[in-house]
Amino acid sequence: PTFIANGPPAASAPAPAAAPAPASAPAGRVFGPVHKLFTVKPRDDVNMEALNSALSYVARPKMETILTDTASAARAQAETTRKKVWPLEYLPSMTTPPVNPVVESAPLALRASALLAPTEPELAPFLPYIFGKTVIVRTKEDAHTFRRSSKGKGVKIVALDGEVIDADGAFGGPSRVFTAQQQG
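Residues numbered from 1 in each chain as written. Predicted model: local features only at pLDDT ≥ 70, side-chain atom pairs only at ≥ 80, totals over all residues. Heavy atoms only, no water.

A. Up close: the overall build of the chain. The helix and strand tally for the chain stands at five helices and 10 strands. Burial status across the chain gives 45% buried among its 184 residues. Counting contacts in the chain only where the partners sit at least 6 residues apart, residues at least 24 apart contribute 57% of the total. Here the chain displays about 9,300 Å² of accessible surface, and carbon together with sulfur accounts for 55% of that area. (Helix = DSSP H or I, 4+ residues; strand = E, 2+ residues; numbered from the N terminus. Buried < 20%, exposed > 50% of the residue type's maximum accessible area, 1.4 Å probe, protein only. Contact = heavy atoms within 4.5 Å. Areas by Shrake-Rupley, 256 points an atom, 1.4 Å probe, with all protein chains shown as cover.)

B. Fine view of the sheet that holds strand E9 (residues 156-159). Spatial ordering of the open sheet is given by E5-E6-E8-E9-E10, a layout of five strands whose pairing is mixed. The open sheet terminates on both sides in strands that have one partner only, identified here as strand E5 (102-105) and strand E10 (164-165). Contacting E5, strand E6 (108-111), strand E8 (134-137), E9 and E10, helix H4 (residues 140-148) crosses the sheet at an angle of about 160° to E9. (Pairing = 2+ DSSP bridges. Axes fitted to C-alpha atoms, helices over the stretch in contact; angles between N-to-C directions.)

C. Fine view of the nonpolar core. Ranked by internal contacts, the top residues of the largest apolar core, which has 33 residues, are Phe3, Phe38, Leu55, Leu67, Phe126, Phe131 and Ile136. Sort the elements by how many residues they give to this core and helix H1 (residues 48-59) lands first, with seven residues. In this structure, Leu67 is in contact with Arg29, Val30, Phe31, Gly32, Val34, Leu37, Phe38, Trp86, Leu123 and Phe126, ignoring residues within four places of it in sequence. Residues Ala143, Ile157, Ala159 and Ile165 belong to the second largest nonpolar core, which totals 10 residues. (Core = buried A, V, L, I, M, F, W, Y, C linked by side-chain atoms within 4.5 Å.)

D. Inspection of unusual backbone geometry at higher detail. Here the residue pair Ala106 and Pro107 is connected by a cis peptide bond, since its omega of -10° sits within 30 degrees of zero. Inspection of the secondary structure puts Pro107 in the loop between E5 and E6. Although it is not a glycine, Arg82 adopts a positive phi angle of roughly 65°. Look at Arg82 and you get exposed, because its relative accessible area is 70%.

E. Structural context of the confidence of the model for the chain. Within the chain, residue pLDDT values average 85, and 82% of them lie at 70 or more. With pLDDT under 50 throughout, residues 9-15 is counted as low confidence; its partners more than four residues away or in other chains account for four contacts. (pLDDT = per-residue confidence, 0-100.)

F. Highlighting the packing of aromatic side chains. Enumeration according to the criterion identifies two aromatic pairs in this entry. Plain terms: the ring middles of Phe3 and Phe131 are 6.2 Å apart, the flat faces sit at 40° to each other, and that makes the pair tilted. A residue pair is termed long-range when its members are at least 10 positions apart, and Phe3 in the segment before strand E1 (30-33) and Phe131 in helix H3 (residues 126-131) qualify at 128 residues. Taken individually, Phe3 and Phe131 each receive the classification buried, so the pair is uniform in this respect. Pairing Trp86 with Phe126 gives two aromatic rings, centres 5.1 Å apart and planes at 70°, and the pair type is edge-to-face. You can see Trp86 sitting in strand E4 (residues 85-87) and its partner Phe126 sitting in helix H3, a full 40 residues away along the chain. (Phe/Tyr/Trp six-rings, centres within 6.5 Å; stacked < 30°, edge-to-face > 60°.)

G. Here's a closer look at the environment of Gly28. Structurally, Gly28 can be placed in the segment before E1. Given a relative accessible area of 43%, Gly28 falls into the partly exposed group. In this structure the C-alpha to C-alpha distance between Gly28 and Thr70, which are 42 residues apart in sequence, comes to 5.6 Å. Leave out the neighbours within four places in its chain, and Gly28 touches Asp69, Thr70 and Ala73.

H. Summary view of the side chain of Glu120. Looking at the secondary structure, you find Glu120 in the loop between strand E7 (116-118) and H3. There is a polar contact of 2.7 Å between the side chain of Glu120 and the side chain of Arg29. (Polar contact = N/O pair within 3.5 Å; in protein donor to acceptor, adjacent residues only side chain to side chain.)

I. Seen up close, the sheet that holds strand E3 (residues 66-68). Pairing is mixed across the open sheet formed by three strands, whose spatial order is E1-E3-E4. Two strands lie at the open edges of the sheet, namely E1 and E4, each paired on one side alone. This sheet shows a mean twist of 20° between the axes of neighbouring strands, independent of strand direction. Strand direction decides the pairing type here: E1 and E3, joined by three bridges, are antiparallel. The residue bridging Val30 from the neighbouring strand is Thr68, located in E3. Taken strand by strand, helix H2 (residues 71-81) contacts E1, E3 and E4, and its axis lies near 170° from that of E4.

Here it is as structure tokens:
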């Protein structure tokens, strides 16, 4: 799955339907899987298809995770669906991602957590936990330039042309997966 690439939903768009809860289920709200709850914000300075691919690649381990508001709703959902769940109340903090995604303007480096819009405001605190300290850059050359800068240490860097540099500085192998995903 990938994120919705059409930008933020219209104000009149209905919220995703919550999964029906069994009659005996504890109170709580099930928001749905991660890939259906966030949209990629439109940008003029990057290729949007590549950006969607990069963000989906970074978030891939969590794309099918079902978000809930409470642990009791998460437990009930996990028992019913046998899928991984993540309750909002378990987040260490309710910090929302920064509004300005630009970390560096030359080369352009963007905070991954600030490039998506949640379908509902209360979901915003999940974004920093989905993406951690990940930045998106345009090219592999930009990735290596940013890594060598003072802001590039301890940061996962994903280039829109397929290069992935892990927070510890390792790169190579995993980027082949991202490149293959981009090519179809």
